[in-house]
Amino acid sequence: MLRRKGEISHPLNLQNPSVRISTILFLAGYAGVCFLYTNFMIDGALIGRFLLLNATLLLLAIFLVDSTEGLFFFTPVIILYSLLFFINIISSLWAINPAESFFESFKIFFGLLIFASTTILHIRNPLFFKGLINVSLLIFFGYGLILTVQITAFDFKTFSKIEMDAITGINGNVNLLACFLFLLMPFLIIGFFELEKPSKIFALIGCIGNLIFLAILQTRAALVGMGVTSLSIFLMYVIYKKNVPFKQIILWMTITFFASAALIFFFRSNLSEISSRDVNGILSAKSFEPRKLLWKKSFQMFEDHPIAGVGAGNWRTNLPNYTLTGFIDEVQNGQLIPDRPHNDFLWTLSETGLIGFFSQVAIFILLIGYAYKVLNRNGFSWRLVIPLSSLLGYLTISMFSFPKERIESVVMVNIIMGLLYAFIQTEITFPASFKLSIQPTYIRVIGASFLLVILFFGLIRAKGEYYARKLISARQIGDFKNVIYYSNKSISLFYKLDNFGIPISWYRGSAYISMEDYENALHSFSEAYMVAPFNIQVLNNLASSLEVLGYHEKAKSIYLEAIRISPGFEDPKLNLAAIYYNEGNYRTALQWTQSVAGNGERKQKYKELIYGKINKR
C-alpha cells in the first residue's frame, strides 16, 4: 500500500475495542479539559480540570495499555520525563509545603501520560490524528464564540487595560488565554494542510480568527511565540523543501507582510484609545520591570538552593524571604502575593534546582535534536515541521509567561510533543540499551493504582478549595463563626494554602482576633506560620497575638522579621512603636513611628501621644 512520506503506518485491527475506546476517551478528555469551568471553586479552571484529566487518564490506563504490546517506553525522552517527575515529587521532603509539591508533581505525571498516550494512539490508530484535528477545530470555534461575546460587550472608544484584561475566555487570565490560543494554532494549521474540504475551509477560518484574537489581546509573550513559530516554519520550508521556486518564496513573504500590515493598521485605528496596550506599550522596556524584579528574586532563590531547589510548588511561599522591596504597594503591604515568576524555566530552576532544570531542558533538546535529524534525512514534512515550530514558539512563551501552571496547557503541549515523537519514532531506531518491554497487565495495575491515589488527593484538595471559597465569602460579610467553621472544613494535609497563597489557618486566626479569642488566634497564626513563614501578614498577626498575651520580646523579633521582608510595610513599624510606648521607651517609639512613610491617621495619632509624653519629661 502506498503512503505519503512521514505518514505512520502500522498493522491495526480497527475493530480492536481498546483502540477505539481509548481514542474516544482521549479526545473527549481533551475537549472537556479545555471547556470545564465551575463556580464552586476559587479557581474555576484548575482543580476541576485536574480531576477530569485524572479520571480520563485512569480510564486510559485500563483500556489503552492493551495497545502497548510491542512498543517500548524507556527511550531517552521517557527516561528524562520520568526523572523530572521523580525530582519534583521527592522535593516534597524539603519543601515548606509538601502538598504543593505533590500537586505540581502530579501535573508533570499527567503530562508524561498524555505525551505517551498521544504517541501510542498516533502510532496505533490512523484515525486518531484526524479526530484530534477535528476536535481542536470544535474547541476553537467554541472559544471563538465565547471571546466574541466578551469582546463585543465592551465599548471600543473607552476600552481600557482593565477591560482588556477581563477578556479571559474561560482560562482565568488573559496571558493564559493567549497561550491557549497559541497552542491551538498548530492543530488549525495542520488541519488546513491535511483535511479535505469543507474541513479545510473551517481550518483556514480558524487560523485567521485565531490570529485576530491574538492581535486583539496583544499579549507580548504569545505574539513573540507566534513570531518564532512563523519564522521557524518559513526557514524550514526554504531550507528543507526541495526545489522551492523563488517566486513562491517572494509570494509568501509578500502575503505575510501585507497581512501583518493590515492587522496592525486595523487594530491601531480601532483600539487607539488603549494607550497602555498599544504597540509602544508592547515594546516598552519599562513594562518589563516587574518581570525583571521577579526574575532577580527567583535567581537569588536558586543561588541559595542550587542543586535541588526549594521544592516543587513552593516558589510563592519562599519569594518574600528575598524581600518585597521594589514591588507595588499592594505587595509590600501584604495585600497581594506574587504567585509566579513569569518564566517557567526560572520557576523550575528555583523550585527543583539544576537537577530538575536540566531534566526539563534535556527533554526539549532531545525532541528538537531528533526532529532536525529526521528533517536532514527526509526533508520537509508538515506533520513534523508544524509541531516542531510550535514547540519552539511554546518554549519562547515559557520564557516570559507561565503556561506550565495550567492543566489545559499541560495537555496541549504534551499532545504536540507526542505527535512530534510519534513521527520521530517512525524514522529513528533508538539504542537497544533503552528498549524494555513491559507486560500490559503490570502497566495497567501500577498506573491505575497510582492514578487512584492522585484522584483521592485531588478530591481532598477540591473539597478544601470549595470550603475556602465559602470562608472567604463569610469573611467579607463579617460572619466570623462561619469563617472558623469553613476553615476547619477546608484545611487538610493536602490543602493548607488557598489559591492566593494565604494559609487557611490565617483566616481562622483573623476570625478569632475579631472575636477577641487571642489564645485560639495565637494557635491559628502559629499554624499559618508553619506553612507560610515569610508571609508578612502572617508574621504581623502572629506577633500581635504574642504581644497581647504578654510575649513582648518574641513579638518584637517577629515584627522585625516582617520589616526585614518588607521595609515598606507600615503595620509592624507602628506596632513596634506601640510596644516601646507602653514600655516607656518614647524615643525608640518615635523612631519607629517616623520610619513610616506618609502621614496616615494612625501615624499622626501616635506622634501626638509620643510627643506629649516626651514634652512632659
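Residues numbered from 1 in each chain as written. Predicted model: local features only at pLDDT ≥ 70, side-chain atom pairs only at ≥ 80, totals over all residues. Heavy atoms only, no water.

Draft legend 1. Spotlight on the overall build of the protein chain. Each helix and strand counted, the protein chain has 26 helices and 0 strands in total. Taking all 617 residues of the protein chain together, the buried fraction comes to 54%. For the protein chain, the share of sequence-separated contacts (at least 6 apart) that also reach a separation of at least 24 residues comes to 74%. Accessible area of the protein chain: about 27,800 Å², with a carbon and sulfur share of 64%. (Helix = DSSP H or I, 4+ residues; strand = E, 2+ residues; numbered from the N terminus. Buried < 20%, exposed > 50% of the residue type's maximum accessible area, 1.4 Å probe, protein only. Contact = heavy atoms within 4.5 Å. Areas by Shrake-Rupley, 256 points an atom, 1.4 Å probe, with all protein chains shown as cover.)

Draft legend 2. Structural detail: the side chain of Glu-104. Position of Glu-104 among the secondary structure elements: in helix H4 (residues 98-124). Judged by relative accessible area, Glu-104 falls into the buried class, the value being 8%.

Draft legend 3. Region of the structure containing helix H15 (residues 344-378). Taking 1.5 Å of rise per residue, 35 residues should cover 51 Å, yet H15 covers just 33 Å from first to last C-alpha, more than 12% shy of that figure. Between the side-chain oxygen of the N-cap and the backbone nitrogen of Phe-345 there are 3.0 Å, and the N-cap of H15 in question is Asn-343. Backbone geometry just after H15 places Gly-379 at a positive phi near 85 degrees. (Expected span 1.5 Å × (residues − 1). Polar contact = N/O pair within 3.5 Å; in protein donor to acceptor, adjacent residues only side chain to side chain.)

Draft legend 4. Quick peek at the pattern of salt bridges. Across all of its chains, the model carries 15 salt bridges by this definition. For Arg-461, the salt bridge identified is with Glu-100, shortest N-O distance 3.0 Å. Highlighted residues: Arg-461 in helix H18 (residues 440-476) and Glu-100 in helix H4, separated in sequence by 361 residues. In this structure, Arg-340 engages Asp-339 in a salt bridge whose closest nitrogen and oxygen atoms are separated by 3.4 Å. Residue Asp-339 is classed as partly exposed on the basis of its relative accessible area of 26%. Connected via shared salt-bridge partners are Asp-43, Asp-339, Arg-340, Glu-405 and Arg-406. (Salt bridge = Lys/Arg side-chain N within 4 Å of Asp/Glu carboxyl O.)

Draft legend 5. Spatial organisation of the packing of aromatic side chains. With the rule as written, the count across this model stands at 34 aromatic pairs. Between Phe-106 and Phe-457 the ring centres are 5.1 Å apart and the planes differ by 80 degrees, which places this aromatic pair in the edge-to-face class. Here Phe-106 is found in helix H4, whereas its partner Phe-457 is found in helix H18, with 351 residues between them in sequence. With relative accessibility at 6%, the residue Phe-106 sits in the buried group. Using a relative accessible area of 3% as the deciding quantity, one classes Phe-457 as buried. An aromatic cluster of at least three residues, connected via ring pairs, comprises Phe-50, Phe-85, Phe-102, Phe-103, Phe-106, Phe-109, Phe-110, Phe-450, Phe-456, Phe-457 and Phe-494. One residue, Lys-200, lies across the ring of Phe-192, its end atom 5.2 Å from the ring centre. Between Arg-340 and the ring centre of Phe-402, over which it is positioned, the NZ or CZ distance is 3.9 Å. (Phe/Tyr/Trp six-rings, centres within 6.5 Å; stacked < 30°, edge-to-face > 60°. Lys NZ or Arg CZ within 6 Å of the ring centre and 35° of its normal.)

Draft legend 6. Examining a nonpolar patch on the surface more closely. Residues Phe-141, Ile-201, Phe-202 and Ile-205 make up a contiguous nonpolar surface patch of roughly 360 Å² in combined accessible area. When residues of the nonpolar patch are assigned to their parent elements, the largest contribution, 3 residues, is made by helix H8 (residues 199-217). With respect to the helices and strands, Phe-202 occurs in helix H8. (Patch = residues over 30% accessible without salt bridge, like charges linked within 9 Å, V, L, I, M, F, W, Y side chains within 5 Å.)

Draft legend 7. Spotlight on the confidence of the model for the protein chain. Residues of the protein chain with pLDDT of at least 70 account for 85%, and the chain-wide mean is 86. A low-confidence stretch, residues 1-14 (pLDDT under 50), is modelled with 25 contacts involving residues beyond four sequence positions or located in other chains. Below pLDDT 50 for its whole length, residues 266-284 participates in 33 contacts with residues either more than four positions away or in separate chains. (pLDDT = per-residue confidence, 0-100.)

Draft legend 8. The arrangement of the environment of Lys-489 in detail. Considering the arrangement of structural elements, one finds Lys-489 in helix H19 (residues 480-490). Placed 18 residues apart in sequence, Lys-489 and Leu-471 show a C-alpha to C-alpha distance of 9.5 Å.

Draft legend 9. Region of the structure containing the environment of His-122. Residue placement: His-122 occurs in helix H4. Accessibility expressed as a relative area gives 7% for His-122, which makes it buried. The sequence separation of His-122 and Gly-418 amounts to 296 residues, and the corresponding C-alpha distance is 8.3 Å.

Draft legend 10. The nonpolar core, seen in detail. Counting 121 residues, the largest nonpolar core has Tyr-30, Phe-50 and Leu-367 as its most contacted members. Among all residues touching Phe-50, those that are not within four sequence positions of it are Phe-103, Phe-106, Lys-107, Phe-110, Ile-407, Ile-454, Phe-457 and Gly-458. Listed in part, the 53 residues of the second largest apolar core include Ala-511, Leu-522, Phe-534 and Leu-576. (Core = buried A, V, L, I, M, F, W, Y, C linked by side-chain atoms within 4.5 Å.)

Draft legend 11. Representation of the packing of helix H3 (residues 76-90) against H4. Viewed as axis vectors pointing N to C, H3 and H4 meet at an angle of 165 degrees, and their least axial separation amounts to 8 Å. What the angle tells us is that H3 and H4 run roughly antiparallel. Helix-helix and strand crossings are classified by hand; for H3 and H4 the assignment is left-handed. Within the contact between the two elements, H3 uses Val-77, Ile-78, Tyr-81, Ser-82, Leu-84, Phe-85, Asn-88 and Ile-89 and H4 uses Ser-101, Phe-102, Glu-104, Ser-105, Phe-106, Ile-108, Phe-109, Gly-111, Leu-112 and Phe-115. Of the residues in the contact of H3 with H4, the class split is 12 nonpolar, 5 polar and 1 charged. (Axes fitted to C-alpha atoms, helices over the stretch in contact; angles between N-to-C directions. Parallel < 35°, antiparallel > 145°, perpendicular 65-115°, else oblique. Left-handed = near helix turned anticlockwise from the far one by under 90°. Nonpolar A, V, L, I, M, F, W, Y, C, P; charged D, E, K, R; others polar.)

Draft legend 12. Region of interest: the packing of helix H2 (residues 47-63) against H4. Relative orientation of the contacting elements H2 and H4 amounts to 45 degrees, with a least axis distance of 11 Å. Taken as axis vectors, H2 and H4 run oblique relative to one another. Taken as a pair, H2 and H4 cross one another with a handedness that is left-handed. Contact residues: Ile-47, Phe-50, Leu-53, Asn-54, Leu-57 and Leu-60 in H2; Phe-103, Phe-106, Lys-107, Phe-110, Leu-113, Ile-114 and Ser-117 in H4.

Draft legend 13. Looking closely at unusual backbone geometry. Going from Lys-197 to Pro-198, the amide bond is cis rather than trans, its omega being 0 degrees. With respect to the helices, strands and loops of the structure, Pro-198 is situated in the loop between helix H7 (174-194) and H8. Located in the positive-phi region is Thr-323, a residue other than glycine, with phi close to 70 degrees. On the secondary structure map, Thr-323 appears in the loop between helix H13 (315-318) and helix H14 (329-332). We classify Thr-323 as partly exposed; its relative accessible area is 21%. Phi is positive for Glu-516, close to 60 degrees, though the residue is something other than glycine. Within the secondary structure, Glu-516 is located in the loop between helix H20 (504-514) and helix H21 (518-531). Here Glu-516 falls in the exposed class, since its relative accessible area comes to 59%.

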